[in-house]
Amino acid sequence: MGFILAAVGSAVGLGNIWRFPYMVADNGGGIFFLVYLFALLTAGIPIMILEFGIGHKYRGGAPLSFAKMSRKFEWLGWSQVIVCFFIAVYYVLVIAWAMSYFYHSISLGYADDPSGFFYNNVLGLTEGPFELGGIQTQLLIPLAIAWAINFIAIYAGVKGGIEKLAKIFIPVLFLMVVVIAVRGSTLPGSAAGLNFMFEPDFSRLFDFKVWTAAYGQIFFDLSIAFAIMITYSSYLPKKSDLTGNAFTACFTNCGFSLLAGIAVFSILGHMAHSQGVAVQEVAGDGVGLAFVTFPAAITTLGGMAPLFGMLFFLALTMAGLTSLISINEAAIAALMDKLDMKRKKVTVVYTGVAAICSLVIATGAGLYILDIVDHFTNNFGIVFGGLIQVLLVGWIFNLKSLQDHINSVSEIKAGSWWVFSIKFITPLVAGYTGIMTLVGDIKVPYEGYPQEALLVMGWLVLAVIIVGGFLLSRLKWKNEIYLIEGVKD
Ligand code: PHE
Ligand code: NA
């Protein structure tokens, strides 16, 4: 139970609450949902089972687990760990924004000018990615709180910290989002909001953008191809139903996404209704949806507005925290394995370094940097990392031995659909969409950012992920015995 909640805690995050609803709305509504379900069945669940199998069989963080499969695979584990590090450094800022919004919901401080509030008061946004504009001191307290909670949970260990936190956070989180969804869908105008989100646009069934979005969402959404699920499952007892756990984690995560989508779009529908405009006109995208559009929508709830504002941003904060912890745990576990060091020591050093790095995103250019790093780590780091993972494990490694291991402990067997998904479907779709995005990015600079910015914050980050992965895998294992026996704290 602790494991399931920790895995769900990792999966359920900012991606469910602000990314998913907009992805649906923007990619053909109900059609996106169908493609997303296909991606779930052919990539999400199979890779989740695969990663649970790897972690459970080899009993180490990602680098150690891959190294034990073959010393030639170790670099992939490190590359995934570096991706985790980059993501942690910006993900924590989004949590800090959410915390700050929680606080400002009490007095509805954002009510007068939601957009100005976000860009000026919270972010202190500058003109471009190289104009740092100094650290925004208003973000320092929430940032410190986020790092502190993250630190305490990891420092206390998997059972005593991470699982305990998830056991409290996840049920509370579900309850809060249910309350918002129920209130939202009983408001006048909510039906139009939900229609906007779900109405299928059949003409987009074969649009590769929809497929790219759905597969990209699945990887990020489920925290797979990130070293995380390998790390978490390495702590499982010998007798654990791996496929059962994978199904539960995946369906819980996707169910939560649906719920969050209903909560968000029903309230947006209400706002459109009370302003007498179409939903299209109020639905902003991405970051703007959670921090500009939704705050504006909340203020249309009258006397209940502060309460629902606080609920929503507390949910966002808690969902983000359990995910942040998992990202950092993946990196910390990897370092513990390699350096043969105690959890507490690694946690102190790692968190210190990551917290200092996150100050860069706390500057007035933070949103730009975040946007670029996020685009590159997600669309290439994760998609290609996942692609290489399924290719290595599916084709070069003896997949059958892993399948036997999984089936020896699981009730539902990983059968031919699993093998077929790992060997053929995921590589084909991930490879195709990854390459299409890469070609697109080479042709047209992402979001029109200046080339130098994309070079430093995008392509260079990618290079660090790849080269850094190789270099770290060249370092000697402090204790070679791990490569034979595995470790657990
Ligand atoms: N799965 C999380 C979400 O949906 C995001 C996440 C990404 C968590 C990477 C951990 C690691 O928001
Ligand atoms: Na998720």
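Everything here concerns the structure above.
Residues numbered from 1 in each chain as written. Chains lettered and ligands numbered in written order. Predicted model: local features only at pLDDT ≥ 70, side-chain atom pairs only at ≥ 80, totals over all residues. Heavy atoms only, no water.

Undergrad: So what exactly am I meant to see when it comes to the pattern of salt bridges here?
TA: Any two side chains of opposite charge can pair if their charged atoms end up close together. On inspection of all chains with the given rule, the structure shows seven salt bridges. Lys338 is the partner of Glu74 in a salt bridge, and the nearest nitrogen-oxygen pair spans 2.7 Å. A residue pair is termed long-range when its members are at least 10 positions apart, and Glu74 in helix α5 (residues 74-105) and Lys338 in helix α15 (residues 305-339) qualify at 264 residues. The buried category is assigned to Glu74, whose relative accessible area is 0%. Note on Lys338: relative accessible area 3%, which makes it buried. Between Glu163 and Lys159 there is a salt bridge, with its nearest N and O atoms 3.5 Å apart. In this pair, Glu163 and Lys159 both sit in helix α8 (residues 158-185), four residues apart, roughly one turn of the helix. Note on Glu163: relative accessible area 9%, which makes it buried. Residue Lys159 is classed as exposed on the basis of its relative accessible area, which comes to 60%. Three or more residues joined by partner-sharing salt bridges are found here, namely Arg71, Glu74 and Lys338. (Salt bridge = Lys/Arg side-chain N within 4 Å of Asp/Glu carboxyl O. Helix = DSSP H or I, 4+ residues; strand = E, 2+ residues; numbered from the N terminus. Buried < 20%, exposed > 50% of the residue type's maximum accessible area, 1.4 Å probe, protein only.)

Undergrad: Any chance you could explain the coordination of the sodium ion (ligand 2) here in plain terms?
TA: Six octahedral donors at a metal ideally form angles of 90 or 180 degrees, and four tetrahedral donors ideally form angles of 109.5 degrees. The coordination sphere of the sodium ion (ligand 2), as far as protein atoms go, consists of Ala11 (O), Asn16 (OD1), Asp221 (O), Asp221 (OD) and Asn253 (OD1), spread over 2.1 to 2.8 Å. Note that the sodium ion (ligand 2) binds six donor atoms; their angles at the metal cover 82 to 178°, and the shape is octahedral. (Donors = N, O, S within 2.8 Å, 3.2 Å for Na, K, Ca; no water. Tetrahedral: all angles 85-135°; square planar, octahedral: opposite > 155°, others 65-115°.)

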